[in-house]
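Coordinate inspection notes
So you can see what is in the structure, the chains are spelled out below.
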Amino acid sequence: RRTGCRTLALYAYWQGTGLPEQPRIEAGTDAWYWGVPLPDGTYNTLVFVDTAHFRAGPAAPLLSRFRTLIDRSGLLAGGRDARILGRVMAADATPYLDEESVTPHSIKVGDAALALDPLSSSGVQKAIQTALAGAVVGNTLLREPEMHDAASRFYRNSLSDSSERHREWATAHYGTVADKGAGKFWQDRATGSRSSPPPLAAEGLKKNHPLANTPLVLSSGLEFVDLPCIEGEFVRIKSAVRHPNLESPVAFLRDWELAPLLRQVPAGMTSSQLARFWLPRIPLDSGRSIIGWLVERGILVAHRRSAA
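Read on for an overview of the structure. Computed from a predicted model, the values in this text were never measured in an experiment. (Residues numbered from 1 in each chain as written. Predicted model: local features only at pLDDT ≥ 70, side-chain atom pairs only at ≥ 80, totals over all residues. Heavy atoms only, no water.)

1. Digging into helix α2 (residues 62-71)
The periodicity of an α-helix, 3.6 residues per turn, causes residues three or four places apart in sequence to face the same way. Arg65, Phe66, Leu69 and Ile70 are the residues of α2 that are buried. Angularly, the buried residues of α2 cover 135 degrees about the axis, an arc narrow enough to put them on a single face. On the buried face of α2, the contacting elements are β1 (7-17), β3 (32-37), β4 (43-50), α1 (51-55) and β5 (80-92). (Buried < 20%, exposed > 50% of the residue type's maximum accessible area, 1.4 Å probe, protein only. Helix = DSSP H or I, 4+ residues; strand = E, 2+ residues; numbered from the N terminus. Arc of directions from axis to C-beta. Contact = heavy atoms within 4.5 Å.)

2. Thoughts on the pattern of salt bridges
Following the criterion strictly, the structure yields 11 salt bridges and no others. Between Arg236 and Glu144 there is a salt bridge, with its nearest N and O atoms 2.8 Å apart. On the criterion of sequence distance, the pair formed by Arg236 in strand β12 (residues 234-242) and Glu144 in the loop between α3 (123-143) and α4 (148-178) is long-range, its members being 92 residues apart. Glu144 sits in the buried class, given a relative accessible area of 15%. (Salt bridge = Lys/Arg side-chain N within 4 Å of Asp/Glu carboxyl O.)

3. Considering the sheet that holds β4
Pairing in this open sheet of 5 strands is antiparallel, and the strands run β2-β3-β4-β1-β5 from one edge to the other. Each edge of the open sheet is held by one strand with a lone partner, namely β2 (24-27) and β5. Taking the axes of each pair of neighbouring strands and ignoring which way they run, one obtains an average angle of 15 degrees across the sheet. Pairing analysis gives 8 bridges linking β1 to β4, with the strands arranged antiparallel. Within β4, the residue paired with Thr7 across the bridge is Asp50. (Pairing = 2+ DSSP bridges. Axes fitted to C-alpha atoms, helices over the stretch in contact; angles between N-to-C directions.)

4. What to know about unusual backbone geometry
Pro280 follows Leu279 through a cis peptide bond whose omega is -5 degrees. With respect to the helices and strands, the residue Pro280 is situated in the loop between α7 (271-277) and α8 (284-296). The phi dihedral of Ser121 is positive, around 50 degrees, even though this residue is not glycine. If you trace the backbone, Ser121 turns up in the loop between β9 (114-115) and α3. The phi torsion at Arg254 lies on the positive side, around 55 degrees, for a residue other than glycine. Among the secondary structure elements, Arg254 is positioned in the loop between β13 (252-253) and β14 (256-257).

5. Brief notes about the layout of surface pockets
Estimates place the volume of the second largest pocket at around 650 Å³. The wall of the second largest pocket is formed by 27 residues, among which Phe48, Asp111, Leu116, Pro118 and Gly123 lie closest to the centre. Of all the secondary-structure elements, those providing two or more residues to the lining of the second largest pocket are β1, β3, β4, β5, β9 and α3. By residue number, the principal contributor to the lining of the second largest pocket is α3, which donates 4 residues. Considering only residue class, the lining of the second largest pocket consists of 16 nonpolar, 7 polar and 4 charged. (1 Å grid on protein atoms, 1.4 Å probe; cavity = no way out; pocket = protein on both sides within 12 Å on 5 of 7 lines; lining within 4 Å. Points joined across faces, edges and corners; volume = space filled by probe spheres on them. Nonpolar A, V, L, I, M, F, W, Y, C, P; charged D, E, K, R; others polar.)

6. Focus on the packing of α3 against α4
Each pair of packed helices can be summarised by the angle the axes make with each other and by the distance between the axes. Viewed as axis vectors pointing N to C, α3 and α4 meet at an angle of 170 degrees, and their least axial separation amounts to 9 Å. Relative to α4, the element α3 lies roughly antiparallel. For the pair α3 and α4, the contacting residues are Lys126, Thr130, Ala133, Gly134, Val137, Thr140 and Leu141 in the first and His148, Ala151, Ser152, Phe154, Tyr155, Leu159, Ser162 and His166 in the second. Looking at the contact of α3 with α4 residue by residue, the class counts come to 7 nonpolar, 7 polar and 1 charged. (Parallel < 35°, antiparallel > 145°, perpendicular 65-115°, else oblique.)

7. A closer look at the packing of aromatic side chains
Throughout the structure, instances matching the rule amount to 6 aromatic pairs. Here the aromatic rings of Tyr174 and Phe185 are separated by 6.2 Å at their centres, their planes lie at 75 degrees, and the arrangement is edge-to-face. Remark: Phe185 occurs in helix α5 (residues 184-189) and Tyr174 occurs in helix α4; sequence separation between them is 11 residues. Following the ring pairs from residue to residue traces out a cluster consisting of Trp32, Trp34 and Phe48. Over the ring of Phe54 we find Arg65; its NZ or CZ atom is 3.8 Å from the centre of that ring. For the cation-ring pair, Arg263 lies above Phe224, with the distance from its terminal atom to the ring centre recorded as 4.1 Å. (Phe/Tyr/Trp six-rings, centres within 6.5 Å; stacked < 30°, edge-to-face > 60°. Lys NZ or Arg CZ within 6 Å of the ring centre and 35° of its normal.)

Okay, here's the thing in structure tokens:
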């Protein structure tokens, strides 16, 4: 299933003096550019264009059209006597998701499972992550076949969630350029962007935070649900939390199981009191970070006592 606009990557390798020694990335009017120096001294240039727009262009050799695109960028700025090694190549760079990624007898990882928008520059990282998760899922299917449904659901959901999350991030980046008046290429890819929630901070609530010294209580929108998760070398069913402000249910926050902690939250404690209440099960600094994360997402809210 295609998860983004159809995109074509045109690329070639160059050799010459004065070529860039650091990666370069550039937004063009209707394309974006990426230059990558390689250990053997060559320089790889990539141009990402809309597939339909490129195919509808003038009938000219691929080399000629590629050089025209490269000349509109600064990828080769400073390079002298730069020449292409070999030929110009093209590859489909459209993001997609394989919705049949796991069966009773097979599992797909890497690009066989999903492809991200190249703007994310996370394809290799995501391929490694799917390989690690796929190994655990495969181990569960082989050694605990009774967990087949849970393990398969975990893998499909993790791929789908990851695909959607990266789609939203890429869309937001396209929107940054589109807002500056860029062309149709950027406008088409900027639809549906939304901001991501703040990450887990290294510290708790700041002293000047409105809820820093306020009694807290769990949000009425919080639910506890069962969720298949990786635990060690198997997929297990764990209790997770679901809330309207979360993109999906969460079972673990860093190394801590979230649901057991929240089931033990007494109403009316301040953030400092709650962090100490979780001792010694959770170190104080970790407890403060978790509380800050919960407050930022509206899972812990101000406690409104009813009138007597």
